[in-house]
Amino acid sequence: MNLPQVVQYCFAGITVGSIYAIVAIGFNIIYNTTGIINFAQGEFLIVGAMTAISLNHFVPLPVAIFLAVVVTTIIGGLVEIVFIRHVRNASVLRLIVITIGISILMREAMLHIWDEKVRSLPYFTGTGVSTVTILGAHISPQVLWVLGVSAIIVMGLTPFFRFTLTGRAMRACADDRMAARLCGINDRWMVTLSFMLSAGIGALAGCVISPVTQTQYDMGASLAIKGFTVAILGGLGNSMAAVAAGLMLGLVEAFVMSQFDIAYKEAVSIVILLLILVFRPSGLFGKREIAAMRAL
Amino acid sequence: MSNVLLETKGLHRFFGGLHAVNDVSITVTQGAIKGVIGPNGAGKTTLFNLIAGTIQPHNGEVIFRDKKITALKPHAVACRGIARTFQTTKLFSHMTVLENVMMGRHCRTRCGFISGMLNLPRTWREDKQTKEKALSILEDIGLKEHAFETASNLPFGRQRLVEFARALAMEPELLLLDEPAAGLNIYETKELAKLILWIRDRGVTCLVVEHDMSLVMAICDDVVVLDQGRKIAEGPPRTVQRNPEVIRIYLGDSDA
Amino acid sequence: MTHFRRYIPVIAVAIGIIILQVVLSGTRSTYYMTQITMSAYYALVVIGLCLLMGYAGQISLGHAGFFAIGGYTTAVLTTFNLMAYRDTPLVSLCHSLGVVVQRQDIYGADILAFSPWPAFVVAILLTVIIAFMIGLPVIRLKGHYMAMASLGFGLIIYRIVLGGRIFGQADGISNVPPFKIIAGLEVNGRAAFRIESYYIAWFVVLAAMTLAINLVHSRVGRALRSIHENEEAAHSLGVNTYRYKLLVFVLSALFAAVGGVLLTHYNGSIGPSEVTVTKSVRYLVIVAVGGMANLWGALFMGVLLNFLSLRGVFGSYDDAVFAIILITIMLFSPQGLLRLPKFRTVTPLLSRRANE
């Protein structure tokens, strides 16, 4: 392979990898606040994209995307309020099973609202054939949009969690919910907020990637699995590591696609997931607290 | 009858930077009731966990009946003849009292998946024996009328007794009791003392972690004192009681 | 003898099955038997999963994968034409042993393929091996990590059968021959064999239930329940928790695989739709609704829900219905429907107490 081809594959890899990273960050936000793994995370991306696509028929693209993010954020909050909030004495496992049910429900709802056709948002700038040349490779400008939006999300979240009161309150809930409550933090609200935040960034990511990968009602599950793999790879709860892990997975997938049959692309993330769970559940960057992950 | 049943040699265990058990060597003679006392955080439960196989020491050995058991997992240690109770009662809440005690017979019985699934005659015999032994222990301990009740429905003190019955069903040679008097009132503690003596008379050696000094003084032949992971003193209760180090760690220095 | 009181429901259900058949034949509605038979085979997966989830307290989100291993193995072996290799030593040895037979496919051409019984044995062996390999690392994991690992396993199987040419990719494998169990008895989907297949299916299911009931009432069953209740205590009593969890996992995989084999021969085909995540979730829903640790509940719910689903009662909302049921159960009654107070009079018969 010559340099332009390598660059091409690298960009393809980090494009899709940054989306995986956003999904993983969505997982981490909810996990950090509640300890739950939200299986419906992938659906938020699809709901966001589908909503934007439909709204785009009536309003200009930026407005459509903005409204779609708002709608999905509200849906995220509703999901938490209706399903998660009132579960008493829930074991984490039970809540995870509930989110599996929610993801199926959302998927079926999307199927009945939008049908199974493949759709996509129009390219943000330019068209499907416009290209930008970097290091001899022809890259679609949408790729730059994806990378830009992802970077903004990641860079926006870091100061949010570190410096704003709300962000720190959410981190407090993650560390010790009872102590947070004793400090006057409304922990139930924080949980809802975490769902809303995850849904919102998911919707944004779904919109920005839609022109590149197309959008179909059942893509959520595959995104969720890959996002989860990335989250575990980086160490559950560690969003900075998730970014690195996401880019890694994206690049590995691109490499596999370049050398082998395209059908094996899907298998990559699953194999990595299984390997990580078996050998290093604390993730590549996580501390070796294996005792916490393992049963006896 | 001065057989050493259990011996620990130079046990060390770290948790991160904390040296939880620091060069602890004790011996337990057969037929004795030995107490393990010390302030909170002294490493008593950790010591139990090391003996029972729940965690592994970073250094040192555990020797039971002249054989090294240091590396064994808890279930293997149990089958060798060491039973234990826990600080917080770990009963099988949704199972009946009888079923709980029958579980104690697990390491003394053998029928597996195949004979279980096919309901072979040898399982009938074994299960019948298991049930009979369990019932007889319940009778000895005085819980027979509760046999078919769900374990979690019993009052706390009775639940403790069920845990004892379950441990006894294992026919152990050594019984590790982790704070058996925790949460019991004076009368219950007196009953507990009688019970432990009765257990010893059945031929079971006991190693007891306890905070309740009256219980320790009443029943223990021999006491070892731990503080911050180290063994401070060992000997008959009266002697240990007068040891200035021991007094200091419990009552504190006048300068502190 | 008190040992046999546990079999009363088995007898009762057997009688019910017979009555049902007579009624259906009498009212000329034997076509219902097809869905009932299929539901019975699906119920085998549910019985195994009930042992794993309800009694041993482990979770598997990929059990459809084991169903597929059973089904696809037998499908491949009994349809793959070895005619081109008939002169190789291995194939001619198998031919002379009767393992590989010559038969006619539906177009009348002669093909050489494995006969169903050897294929069945291979499928079972393969399932046991894979279940051990998967189970060894996965059983160690806690709660949601095990859930994800099992999900990953199911997905891998799905990708393999979807992508592999030998598995027919998206179309799956069809023209799977009927399974001649012994002379005169075969698992065959054609209308003429409806009643025969119905009884064979229910015989297998009741046999499986008997084994499961026996296990639950035995020393091993108590040990499994103790692991579920309090693993640390069980461990300290001498229960090798890891080994038991692994063995139950393999056992449940076996049940699923047998279901897969028999249903494949009954349907004459198998496709990737049998291995989807929604299928695995469906099995989970059924076990949950049936009452987690309630074998009869799981069987009843399994047959009922699958029957309704197969007859199309839920229409295009099929998956949604199962999802709603799942969420509802998890929200309000995680012990399952058949444990709610108003069912209490029924549960003593259906539950699994050892106090006979």
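Residues numbered from 1 in each chain as written. Chains lettered and ligands numbered in written order. Predicted model: local features only at pLDDT ≥ 70, side-chain atom pairs only at ≥ 80, totals over all residues.

### Section: the overall build of chain A
Check the secondary structure of chain A and you find 12 helices and 2 strands. Across chain A, helices and strands are ordered from the amino to the carboxyl terminus as α-α-α-α-β-β-α-α-α-α-α-α-α-α. Computed over C-alpha atoms, the radius of gyration of chain A comes to 19 Å, within 12% of the 19 Å expected from 2.2 N^0.38 for 296 residues, which places it in the range of a compact globule. Along the first, second and third principal axes, the C-alpha set of chain A runs to 55 × 50 × 35 Å. Across the 296 residues in chain A, those meeting the buried criterion constitute 51%. (Helix = DSSP H or I, 4+ residues; strand = E, 2+ residues; numbered from the N terminus. Rg over C-alpha atoms; globule rule 2.2 N^0.38 Å. Buried ≥ 20, exposed ≤ 12 C-beta atoms within 10 Å, placed from the backbone.)

### Overview of the overall build of chain C
The helix and strand tally for chain C stands at 14 helices and 4 strands. Computed over its C-alpha atoms, the radius of gyration of chain C comes to 21 Å, within 12% of the 21 Å expected for a compact globule of 356 residues. Taken along the three principal axes of its C-alpha coordinates, chain C extends 60 × 50 × 45 Å. Of all 356 residues assigned to chain C, the portion counted as buried reaches 53%.

### Some points on the interface of chain C and chain A
Contacts between the two partners involve 33 residues from chain C and, on the opposite side, 31 residues from chain A. Put simply, the parts of the chain that give the side of chain C that touches chain A at least two residues each are α6 (143-163), α9 (231-236), α11 (277-290) and α13 (318-332) of chain C. The dominant element in the side of chain C that touches chain A, judged by the number of residues it contributes, is α6(C), at 11 residues. A class-by-class count of the residues in the side of chain C that touches chain A yields 20 nonpolar, 7 polar and 6 charged. (Contact = placed C-beta atoms within 7 Å. Nonpolar A, V, L, I, M, F, W, Y, C, P; charged D, E, K, R; others polar.)

### Side note on the confidence of the model for chain C
Residues and elements named next belong to chain C. Model confidence for chain C is summarised by a mean pLDDT of 85, while 92% of its residues fall at 70 or above. Across residues 339-356, where pLDDT falls below 50, the model places 23 contacts with residues more than four positions away in sequence or in other chains. Across the interfaces of the predicted complex, the ipTM metric reaches 0.89, alongside a pTM of 0.88. (pLDDT = per-residue confidence, 0-100.)

### Notes on the interface of chain B and chain C
At the interface, 33 residues of chain B touch 25 residues of chain C. Every element with two or more residues in the side of chain B that touches chain C is listed here: α2 (74-80), α3 (97-104), α4 (113-118) and α5 (121-141) of chain B. The residue makeup of the side of chain B that touches chain C, split by class, is 17 nonpolar, 11 polar and 5 charged.

### A short note on the confidence of the model for chain A
Residues and elements named next belong to chain A. When pLDDT is averaged along chain A, the result is 84, and 94% of the positions lie at 70 or above. The lowest-confidence element of chain A is helix α12 (residues 290-293), averaging 41 in pLDDT; the highest-confidence one is helix α2 (residues 41-55), averaging 93. The model gives residues 289-296 a pLDDT under 50, and that stretch makes 19 contacts with residues more than four places away or in other chains.

### Side note on α5(B)
An α-helix turns once every 3.6 residues. As a result, residues three or four positions apart point the same way. Residues and elements named next belong to chain B. Between its first and last C-alpha, α5 extends 31 Å over 21 residues, near the 30 Å set by a 1.5 Å rise per residue. Turning to α5, its buried residues number three or more, namely Thr 123, Asp 127, Thr 130, Ala 134, Ile 137 and Leu 138. Along α5, the residues classed as buried sweep out an arc of 100° about the axis, all on the same side. Opposite its buried face, α5 presents the exposed residues Pro 121, Arg 122, Arg 125, Lys 128 and Glu 132, each directed more than 90 degrees away. (Expected span 1.5 Å × (residues − 1). Arc of directions from axis to C-beta.)

### Some words on the sheet that holds strand β5 (residues 67-68) of chain B
Residues and elements named next belong to chain B. In spatial order, the strands read β2-β1-β4-β5; together these 4 strands make up an open sheet with antiparallel pairing. Edge positions in the open sheet fall to β2 (18-29) and β5, since each of these has one partner strand only. Where strand β1 (residues 4-15) lies against β2, 9 bridges are found, and the strand directions are antiparallel. When the bridges of β2 are listed, Phe 14 appears paired with His 19. Strand contacts of helix α1 (residues 44-52): β1, β2 and β4 (59-64), with the helix running at about 65° to β2, the strand carrying the most contacts. (Pairing = 2+ DSSP bridges. Axes fitted to C-alpha atoms, helices over the stretch in contact; angles between N-to-C directions.)

### Some remarks on the nonpolar core
Residue and element names in this part refer to chain C. In terms of nonpolar packing, the biggest core is built from 286 residues, with Val 46, Ile 47 and Val 287 touching the most fellow members. With 17 residues, helix α2 (residues 32-55) is the single largest residue contributor to this core. In this structure Val 287 touches Val 46, Leu 49, Cys 50, Met 53, Gly 54, Met 292 and Ala 298, once residues within four positions along its chain are discounted. (Core = buried A, V, L, I, M, F, W, Y, C linked by C-beta atoms within 7 Å.)

### What to know about unusual backbone geometry
Here B:Gln228, not a glycine, exhibits a phi torsion of approximately 50°, which is positive. Residue position: B:Gln228 is located in the loop between β9 (222-227) and β10 (230-235). Backbone geometry places C:Asn175, a non-glycine residue, at a positive phi of 60°. Residue position: C:Asn175 is located in the loop between α6 and β3 (179-182).

### Side note on the sheet that holds β10(B)
Residues and elements named next belong to chain B. Within the open sheet, the 6 strands sit side by side as β6-β7-β8-β3-β9-β10. Their pairing is mixed. Here the strands that pair on one side only, and so sit at the sheet edges, are β6 (82-84) and β10. When strand polarity is set aside, the average angle formed by the axes of neighbouring strands in this sheet is 20°. Seen against the sheet, α1 touches β3 (33-37), β6, β7 (174-178), β8 (205-209) and β9 and runs at an angle of roughly 150° to β7. Packing against the sheet, helix α10 (residues 244-251) makes contact with β9 and β10, and its axis sits at approximately 125° to β10.

### Some remarks on the packing of helix α3 (residues 64-79) of chain C against helix α10 (residues 241-267) of chain C
Residues and elements named next belong to chain C. Where α3 meets α10, the axes come as close as 7 Å, and the angle between the chain directions of the two elements is 40°. Taken together, α3 and α10 sit at an angle that is classed as oblique. The interaxial crossing formed by α3 with α10 has right-handed handedness. Note on element contacts: α10 touches α3 through Ala 253, Ala 256, Ala 257, Val 258, Gly 259, Gly 260, Val 261, Leu 263, Thr 264 and His 265, opposite Phe 66, Phe 67, Ala 68, Ile 69, Gly 70, Gly 71, Thr 74 and Ala 75. (Parallel < 35°, antiparallel > 145°, perpendicular 65-115°, else oblique. Left-handed = near helix turned anticlockwise from the far one by under 90°.)

### Considering the arrangement of the chains
Where 2 pairs of chains are in contact, the pair with the most contacts is made of chains A and C. There is a gap between chain A and chain B: no contact, and a shortest C-alpha distance of 9 Å.

### Quick look at the environment of C:Ile15
As for its placement among the helices and strands, C:Ile15 is situated in helix α1 (residues 8-26). C:Ile15 sits 191 residues away from C:Leu206 along the chain, and the two C-alpha atoms are 11 Å apart.

### Description of the pairing of β3(B)
All names here are of chain B. By the criterion of burial, β3 is predominantly enclosed, with 5 of the 5 residues buried. Residue alternation in β3 divides its side chains into two sets, Ile 33, Gly 35 and Ile 37 and Lys 34 and Val 36, and both sets are buried. Strand direction decides the pairing type here: β3 and β9, joined by 4 bridges, are parallel. By the bridge assignment, Gly 35 is partnered in β9 with Val 223.

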